[in-house]
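Breakdown of the fold
The residues making up each chain are set out below.
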Amino acid sequence: MRINTTTHTTDNLLLAGVLAGPLNLLVVLTQAFTRDGFDPTKHAGSMLTLGNHGWIQTANFIVTGILVILGAIGLRQVIGKKAASLLAVFGAGTALAGVFLPDPALGFPLGTPEGQPVTMSWHGTAHFAVGGIGFLAFIACCVVVGNYFRRTNAPRWATASYLTGALFLAAFAGIASGSAGETITLGFWAAIALAWIWLTATLNRFRVSAR
């Protein structure tokens, strides 16, 4: 039996993207409930890159970012370059968030004063910038993929894509405002989880349909 190598390659690339979400969430949530001083009601997941065990989340960001980029390459072979390019930007932003670390704040790591830093460091500014660009690219990707589903008579997937993008935009706007309130922080955690779930489900759908 002859194997279609192009289809096989696309399947593997999409599989890499599918694995990014579960890996990211597993590593983040495990740390969120085991790291001393970390409080999910106050701290964003990216702050796990700080402290003695920060290398774990740094590696998590870099590895999952690369997996998303690989998934984007596979997505391009299925539905074209627009959505794929936006997804690749999100992947790059995720990886770079592990290179440029945020500033210590809100009592984390242990010994850090409560409250936000008076001024942001260059790497803290870079972290916010690459993360923000990646998040905006993800939101745009949701819209583009939603439009694709709408054109191809998959209304439920289109609706899920639009809602994911809209909810993520609202959560990102809240956290970017500088507010450290419990509701906004937990809302952002929920939006991150929703984003990874949507990405995993969507890439897996394209993976199955491309076979």
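Look up a bit, the structure's there.
Residues numbered from 1 in each chain as written. Predicted model: local features only at pLDDT ≥ 70, side-chain atom pairs only at ≥ 80, totals over all residues. Heavy atoms only, no water.

Let us now look at the side chain of T112. Within the element layout of this structure, T112 appears in the loop between helix 3 (81–97) and helix 4 (122–151). There is a polar contact of 2.8 Å between the side chain of T112 and the backbone oxygen of P109. Ignoring sequence-local partners within four residues, the contact set of T112 consists of P104, A105 and G107. (Helix = DSSP H or I, 4+ residues; strand = E, 2+ residues; numbered from the N terminus. Polar contact = N/O pair within 3.5 Å; in protein donor to acceptor, adjacent residues only side chain to side chain. Contact = heavy atoms within 4.5 Å.)

The next subject is the nonpolar core. Judged by nonpolar contacts, the single largest core of 34 residues is most densely connected at L75, L87, F90 and L199. Listed by contribution, the elements that provide at least two residues to this core are helix 1 (5–32), helix 2 (54–79), helix 3, helix 4, helix 5 (155–176) and helix 6 (182–209). Apart from the residues within four sequence positions on either side, F90 is in contact with V68, G134, F135, A137, F138, W196 and L199. Residues M47, L48, A105 and F108 belong to the second largest nonpolar core, which totals 10 residues. (Core = buried A, V, L, I, M, F, W, Y, C linked by side-chain atoms within 4.5 Å. Buried < 20%, exposed > 50% of the residue type's maximum accessible area, 1.4 Å probe, protein only.)

Once that is clear, we can look at a nonpolar patch on the surface. Judged by side-chain polarity, I66, L70 and I73 come together as a nonpolar surface patch covering roughly 230 Å² of accessible area. With respect to the helices and strands, the residue I73 is situated in helix 2. (Patch = residues over 30% accessible without salt bridge, like charges linked within 9 Å, V, L, I, M, F, W, Y side chains within 5 Å. Areas by Shrake-Rupley, 256 points an atom, 1.4 Å probe, with all protein chains shown as cover. Salt bridge = Lys/Arg side-chain N within 4 Å of Asp/Glu carboxyl O.)

This paragraph deals with the environment of V18. Secondary-structure assignment places V18 in helix 1. Along the chain, V18 and A201 lie 183 residues apart, while their C-alpha atoms are 7.3 Å from each other. In contact with V18, not counting residues within four places along its chain, are T200, L203 and N204.

For the rest of this paragraph, the subject is the pattern of salt bridges. For the coordinates displayed, the defined rule picks out 2 salt bridges. Between D11 and R207 there is a salt bridge whose closest N-O contact spans 3.1 Å. Linking D11 in helix 1 with R207 in helix 6, this pair joins segments that are 196 residues apart in sequence. For the pair shown, D11 and R207 are each scored as buried. E114 is the salt-bridge partner of K42, the closest N and O atoms lying 3.4 Å from each other.

With that settled, the discussion passes to the packing of aromatic side chains. Summed over all chains, the structure comprises 15 aromatic pairs. For the ring pair F149 and F206, a centre distance of 5.3 Å and an interplane angle of 5° mean the geometry is stacked. In this pair, F149 is assigned in helix 4 and F206 in helix 6, connecting sequence segments 57 residues apart. F149 gets classed as buried once you look at its relative accessible area, which sits at 0%. For F206, a relative accessible area of 2% translates into the label buried. Following the ring pairs from residue to residue traces out a cluster consisting of F90, F135, F138, F168, F172, F188, W196 and W198. (Phe/Tyr/Trp six-rings, centres within 6.5 Å; stacked < 30°, edge-to-face > 60°.)

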